[in-house]
Amino acid sequence: MLLSIVAPCFNEEDVLDRFHERLQRLAEELLPLGHDLEFVYVDDGSRDRTLAVLERLAALDARVRYLSFSRNFGKEAALLAGLRHASGDSVVVMDADLQHPPDLVKRMVELRAQGYDQVIARRTRTGDGMARTLAARLYYRLVNRLTDVELVDGVGDFRMMSRRVVDAVLALTEYNRFSKGLFAWVGFPATTFTYENAAREGGRSSWTFRGLLNYGLDGVLSFNNRPLRAALYLGMGLLLCAGVYTGWIVVAALVNGVQTPGYVTIVTAVTGLAGVQMVMLGVIGEYTGRIYYEVKGRPHFLVKASNVHRADRAKDLIP
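Keep in mind the model is a prediction, meaning the values are calculated, not measured.

The rules we used
Residues numbered from 1 in each chain as written. Predicted model: local features only at pLDDT ≥ 70, side-chain atom pairs only at ≥ 80, totals over all residues. Heavy atoms only, no water. Helix = DSSP H or I, 4+ residues; strand = E, 2+ residues; numbered from the N terminus. Buried < 20%, exposed > 50% of the residue type's maximum accessible area, 1.4 Å probe, protein only. Areas by Shrake-Rupley, 256 points an atom, 1.4 Å probe, with all protein chains shown as cover. Phe/Tyr/Trp six-rings, centres within 6.5 Å; stacked < 30°, edge-to-face > 60°. Lys NZ or Arg CZ within 6 Å of the ring centre and 35° of its normal. Axes fitted to C-alpha atoms, helices over the stretch in contact; angles between N-to-C directions. Left-handed = near helix turned anticlockwise from the far one by under 90°. Contact = heavy atoms within 4.5 Å. Nonpolar A, V, L, I, M, F, W, Y, C, P; charged D, E, K, R; others polar. Salt bridge = Lys/Arg side-chain N within 4 Å of Asp/Glu carboxyl O. Pairing = 2+ DSSP bridges. Core = buried A, V, L, I, M, F, W, Y, C linked by side-chain atoms within 4.5 Å.

In terms of helices and strands, the protein carries 11 helices and eight strands. Counting every position in the protein, which comprises 319 residues, the buried fraction comes to 41%. Just so you have it, the protein exposes about 17500 Å², and 59% of that area is on carbon and sulfur atoms.

What follows covers the packing of aromatic side chains. All told, the structure shown has four aromatic pairs when counted by the stated rule. Between Phe 19 and Tyr 41, the ring centres sit 6.1 Å apart and the planes meet at 75°, which makes this aromatic pair edge-to-face. Of this pair, Phe 19 sits in helix α1 (residues 16-30) while Tyr 41 sits in strand β2 (residues 36-43), and the two are 22 residues apart along the sequence. We classify Phe 19 as buried; its relative accessible area is 0%. You can call Tyr 41 buried: its relative accessible area is 1%. Aromatic side chains Phe 69 and Phe 301 sit 4.9 Å apart centroid to centroid with 15° between the ring planes, which places their arrangement in the stacked category. One end of the pair, Phe 69, is in strand β3 (residues 64-69); the other, Phe 301, is in the loop between α10 (263-296) and β8 (303-306), and 232 residues separate them in sequence. An identical accessibility class is assigned to Phe 69 and Phe 301; each is buried. Of the aromatic side chains, those joined through ring pairs into one cluster are Phe 69, Phe 73 and Phe 301. One cation-aromatic arrangement involves Arg 71 over Phe 73; the distance from NZ or CZ to the ring centre is 3.9 Å.

To continue, consider unusual backbone geometry. A positive phi angle, close to 55°, is found at Asn 11, a residue other than glycine. Examined against the element boundaries, Asn 11 turns out to sit in the loop between β1 (2-9) and α1. Exposure remark for Asn 11: the relative accessible area of 24% places this residue in the partly exposed category. Positioned with a positive phi, Leu 98 is a non-glycine residue whose angle comes to about 70°. Note on Leu 98: relative accessible area 4%, which makes it buried.

Before going further, it helps to examine the packing of α1 against helix α2 (residues 50-60). Running from N to C, α1 and α2 point in directions that differ by 30°, and their axes come no closer than 10 Å. Crossing geometry of α1 relative to α2 is assigned as right-handed. Contacts between α1 and α2 involve Leu 16, Asp 17 and His 20 from the former and Thr 50, Val 53, Leu 54, Arg 56 and Leu 57 from the latter. Residue composition of the contact of α1 with α2, grouped by class: four nonpolar, two polar and two charged.

This paragraph deals with the pattern of salt bridges. Enumeration over the complete set of coordinates arrives at 10 salt bridges. Lys 106 is the salt-bridge partner of Glu 29, the closest N and O atoms lying 2.9 Å from each other. Here Glu 29 is found in helix α1, whereas its partner Lys 106 is found in helix α4 (residues 104-112), with 77 residues between them in sequence. Taking the relative accessible area as the measure of exposure, Lys 106 reaches 31% and is therefore partly exposed. Ionic pairing is found between Asp 95 and Lys 75, a salt bridge with its closest N-O pair at 2.8 Å. Of this pair, Asp 95 sits in the loop between β4 (90-93) and α4 while Lys 75 sits in helix α3 (residues 75-84), and the two are 20 residues apart along the sequence. By relative accessible area, Lys 75 is classed as partly exposed at 27%. The network of salt bridges with common partners includes Lys 75, Asp 95 and Asp 157.

Attention now goes to the sheet that holds β8. Within a sheet, neighbouring strands are paired by backbone hydrogen bonds and run either parallel or antiparallel to one another. Ordered in space as β7-β5-β6-β4-β1-β2-β3-β8, the eight strands form an open sheet in which the pairing is mixed. Among the strands making up the open sheet, the edge pair consists of β7 (190-195) and β8. Each neighbouring strand pair of the sheet contributes to a mean axis angle of 20°, computed without reference to strand direction. Contacts from α2 reach β1, β2, β3 and β8 within the one sheet, and its direction differs from that of β3 by about 160°. Sitting on the sheet, α4 is in contact with β1, β4, β5 (118-123), β6 (155-162) and β7, with an inclination near 50° to β6.

Ranked by size, the top nonpolar core spans 37 residues in total, and within it Leu 3, Phe 19, Tyr 41, Val 92 and Val 105 carry the most contacts. When residues of this core are assigned to their parent elements, the largest contribution, six residues, is made by α1. Those residues in contact with Val 92 that lie beyond four places of it in its chain are Leu 3, Ser 4, Ile 5, Val 6, Val 105, Met 108, Phe 158, Arg 159 and Met 160. Counting residues in each nonpolar core, the second largest holds 25 residues, with Val 93, Val 169, Phe 183 and Val 186 among its members.

Okay, structure coming up:
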């Protein structure tokens, strides 16, 4: 049985050799159990020598397949490229910075043998700051109230998937991809196990606060239209409040006569309503922008270098 390891890479020059050594040891341990391995690396437009390291690894190890993007297209595009070029009966997705310990793949293989189509590794938040832990918990609580799929705190891309799960994910061709949600949306029998959070062993994370915020918004907007419905309800609520307030003004004028209007009240009402309108336009604009990108039909990524067989390269042209 062939097992594919898919590892997106971005500026991982310092850690790639150690990561690949760990994978080679893993392959030796799994071979007696009837599992052959292939390693699919996707260089997401790195600015360091990541591509040179991958070329060297491919020359030394025939199991290495790599693709290098023409620029940085983002982790979601790298995951998609890796899944498209993974040939295994099962596929493991993991980061190359060793925050996803390769030794855990053996545990995944054991659980996969029990009939699960997805074996998901859930990390603890050991070592994370209190503010980040609290923000993550609040985010997952919010997103699970809004979206049509359930996302679990600590569950990321690190998982093993059967071939039918991979094919199902690849059949979802949307441009704006949120893999956590896609993996949950396709369903199939799944199980989860917990592991201790591990620190990066080289380089530094490319995630910024802005990037995390945008990624979080992708999770909210990719699987529901409830923000649009909420904007409609909010507008109806404000209209009702305006009607009530207008009625109160009319009654007060009939009973007490016309008085000097309140400047503060007017300014507050105008400012508040303008802010609400801008929020509504922003929500509508987010969905409209996603439609805009979808209808263009552009490919998710472009490849500048690869050792993948030419017949397989046609997969890169799939939008």
